[in-house]
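Understanding the architecture of this molecule
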Amino acid sequence: MGFAVPQGGVGYLAPDGFLPELLRELGPVERVLGRLALCAAPPVRPTTVLPAWAQNIWHDLRVIPFTSIAQAATALKGLGPLWALYDEHLPRRGRARLIQQRLRGPSSRPLVFGDPLPKLPLGSWTLLDDSTLLASPRCSSPFAHGEALFVEDKTGPPSRAYLKLWEVFTLLDRRPDPGQLCLDLGSSPGGWTWVLHKLGARVISVDKAPLDPRLAGLPGIIFRPESAFAQSPQAIGQDAFGPVDWLFSDVVCYPERLLALVRRWLDAGTVQNMVCTIKFQGETDFQVIDQFRSIPHSRLLHLAHNKHELTWVWGG
Ligand SMILES: C[S@@+](CC[C@H](N)C(=O)[O-])C[C@H]1O[C@@H](n2cnc3c(N)ncnc32)[C@H](O)[C@@H]1O
């Protein structure tokens, strides 16, 4: 093989197009297969310092020599019930696919929003060469390659951004309760406001651009044609609407400006939960990522529905 492969190590799968970001976060790695970076087992890390640019983490790597397709399939079946094949980096995929055909794969049915996460553990595997498997029986995501796919609603939401909220609520298994107050900053044309309204939450929707006319004026939605940065945490907490249960931001702005906004809300102490998209323009700003990451009780995720963005989640 010519490369060290860390038995018992960890594999980190970058989202498509973001391997450089992942490698920058990880530092030196043993080997890279396509967009899968392999490391020796790291010290146990709290979730707050997990790499944000990993869409799936392959724990407890196993290196398994085999002599036949049947033997390879049997070895994997002995480690877990469901397997996803990662084969993007393989020059020839026939042998790997013959092995996968003998295994039970993840469900090909997209999730209906509101369904619980799949319960059976999903392992991931690939080939190191024609006679060596690399397998992880324990991955961080219950979805193949960390890609949460949903049965989409092609008519209701006014933008596809709604899929980011569906994904984050599904992964966290938390969402606003009916009647809770949500502040949706940078809401136009209204995909996120649509999701929140459907959950029965009350929504103050803020954007300088208009909200889709199908949403504007619905009971439970108040639209403010204002700047996200002009919303005062103290004023909203004290007006007739009561305190904000959830603050959402999908505002297109420089990450430092978003950081200043969330710090203002944290300092005011008038919000319980926040979900914000950090949008990078040009180069990825790793300094600002570290600043978001260092906020206690928060997590940084790259959702399958994020582009050159991360989702920062706080509270709960
Ligand atoms: C990606 S879009 C939001 C999509 C929205 N979440 C949805 O689900 O449809 C970003 C929005 O940020 C808004 N925006 C940019 N600067 C803003 C500001 N200072 N205040 C409020 N909204 C702003 C833009 O007008 C744009 O509608």
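Residues numbered from 1 in each chain as written. Predicted model: local features only at pLDDT ≥ 70, side-chain atom pairs only at ≥ 80, totals over all residues. Heavy atoms only, no water.

Description of the overall build of the protein
The helix and strand inventory of the protein stands at 8 helices and 16 strands. At 22 Å, the protein has a C-alpha radius of gyration in line with the 20 Å of a compact globule built from 316 residues. Projecting the C-alpha coordinates of the protein onto the three principal axes gives extents of approximately 70 × 40 × 30 Å. Per-residue burial over the protein gives 51% buried out of 316 residues. For the protein, restricting intrachain contacts to residue pairs at least 6 apart in sequence, the fraction spanning at least 24 positions comes to 67%. Within the structure as shown, the protein displays about 14,500 Å² of accessible surface, and the carbon and sulfur contribution to it stands at 55%. Considering the protein, the positive charge centre built from 32 side chains and the negative charge centre built from 29 side chains are found 5 Å apart. (Helix = DSSP H or I, 4+ residues; strand = E, 2+ residues; numbered from the N terminus. Rg over C-alpha atoms; globule rule 2.2 N^0.38 Å. Buried < 20%, exposed > 50% of the residue type's maximum accessible area, 1.4 Å probe, protein only. Contact = heavy atoms within 4.5 Å. Areas by Shrake-Rupley, 256 points an atom, 1.4 Å probe, with all protein chains shown as cover. Lys, Arg positive; Asp, Glu negative; His and termini not counted. Charge placed at Lys NZ, Arg CZ, Asp CG, Glu CD.)

As for the site of the ligand
Surrounding the ligand, one finds 20 residues, the nearest of these being S159, W192, D207, A228 and D250. Contact distances for the ligand include 2.7 Å between an oxygen atom and a side-chain N or O atom of D207. Between A228 and the ligand, the recorded distance is 2.8 Å, taken from a backbone N or O atom to a nitrogen atom. Relative to its free-state accessible area of 600 Å², the ligand is covered by the protein chains to the extent of 82%. When its residues are assigned to classes, the shell around the ligand shows 8 nonpolar, 7 polar and 5 charged. (Near = heavy atom within 4 Å. Polar contact = N/O pair within 3.5 Å; in protein donor to acceptor, adjacent residues only side chain to side chain. Nonpolar A, V, L, I, M, F, W, Y, C, P; charged D, E, K, R; others polar.)

What about the packing of helix α7 (residues 255-268) against helix α8 (residues 286-293)?
Taken N-terminus to C-terminus, the directions of α7 and α8 make an angle of 15 degrees; their axes are 10 Å apart at the nearest point. One finds that α7 runs roughly parallel with respect to α8. The handedness of the crossing between α7 and α8 is left-handed. Only V288, Q291 and F292 of α8 make contact with α7, whose side of the interface consists of P255, E256, L258, L259, V262 and R263. Across the contact of α7 with α8, the residue classes break down as 6 nonpolar, 1 polar and 2 charged. (Axes fitted to C-alpha atoms, helices over the stretch in contact; angles between N-to-C directions. Parallel < 35°, antiparallel > 145°, perpendicular 65-115°, else oblique. Left-handed = near helix turned anticlockwise from the far one by under 90°.)

Description of the domain arrangement of the protein
When cut into domains, the protein gives domain 1 (10-146) and domain 2 (162-315). With centres defined by C-alpha atoms, the gap from domain 1 to domain 2 works out at 32 Å. Contacts between domain 1 and domain 2 engage 18 residues on the former and 21 residues on the latter. Roughly 1,600 Å² is buried in total at the junction of domain 1 and domain 2, and carbon and sulfur atoms are behind 67% of that figure. If you look at where domain 1 meets domain 2, you find 1 salt bridge. With a closest N to O distance of 2.7 Å, E25 and R293 form a salt bridge. Our count for the contact surface shared by domain 1 and domain 2 stands at 5 residue pairs in polar contact (both at pLDDT 80 or more). Its residues assigned to classes, the side of domain 1 that touches domain 2 comprises 11 nonpolar, 4 polar and 3 charged. (Domains from an automatic or database assignment. Buried area = accessible area lost by both parts, 1.4 Å probe. Salt bridge = Lys/Arg side-chain N within 4 Å of Asp/Glu carboxyl O.)

Re unusual backbone geometry
The bulk of non-glycine residues show a negative phi, and the bulk of peptide bonds are trans. The linkage connecting S188 with the following residue, P189, adopts the cis geometry, with an omega of 5 degrees. Within the fold, P189 resides in the loop between β10 (181-185) and α5 (191-198). The backbone of D173 sits at a positive phi, close to 55 degrees, despite the residue not being glycine. One non-glycine residue, H297, lies in the positive phi region at around 65 degrees. Looking at the secondary structure, you find H297 in the loop between α8 and β15 (298-301).

Concerning the pairing of strand β4 (residues 56-59)
Pairing geometry for strand β1 (residues 10-13) and β4, over 3 bridges, is antiparallel. Bridge assignment links Y12 to a residue of β4, and that residue is I57. (Pairing = 2+ DSSP bridges.)

Some remarks on the packing of aromatic side chains
Two measures describe an aromatic ring pair: the distance that separates the ring centres and the angle between the ring planes. Inspection of the entire model under this criterion finds 13 aromatic pairs. Measuring from ring centre to ring centre gives 6.0 Å for W53 and F280, while their planes differ by 45 degrees; the resulting arrangement is tilted. With W53 in the loop between β3 (36-39) and β4 and F280 in the loop between β14 (271-279) and α8, the pair connects residues that are 227 residues apart, well separated along the chain. Residue classification places W53 among the buried positions, given a relative accessible area of 0%. In textbook terms, an aromatic cluster arises when at least three aromatic residues are bridged by ring pairs, as seen for F113, F150, Y162, W166 and W194. When the ring centre of F229 is taken as origin, the NZ or CZ atom of R257, which lies over that ring, is 3.7 Å away. (Phe/Tyr/Trp six-rings, centres within 6.5 Å; stacked < 30°, edge-to-face > 60°. Lys NZ or Arg CZ within 6 Å of the ring centre and 35° of its normal.)

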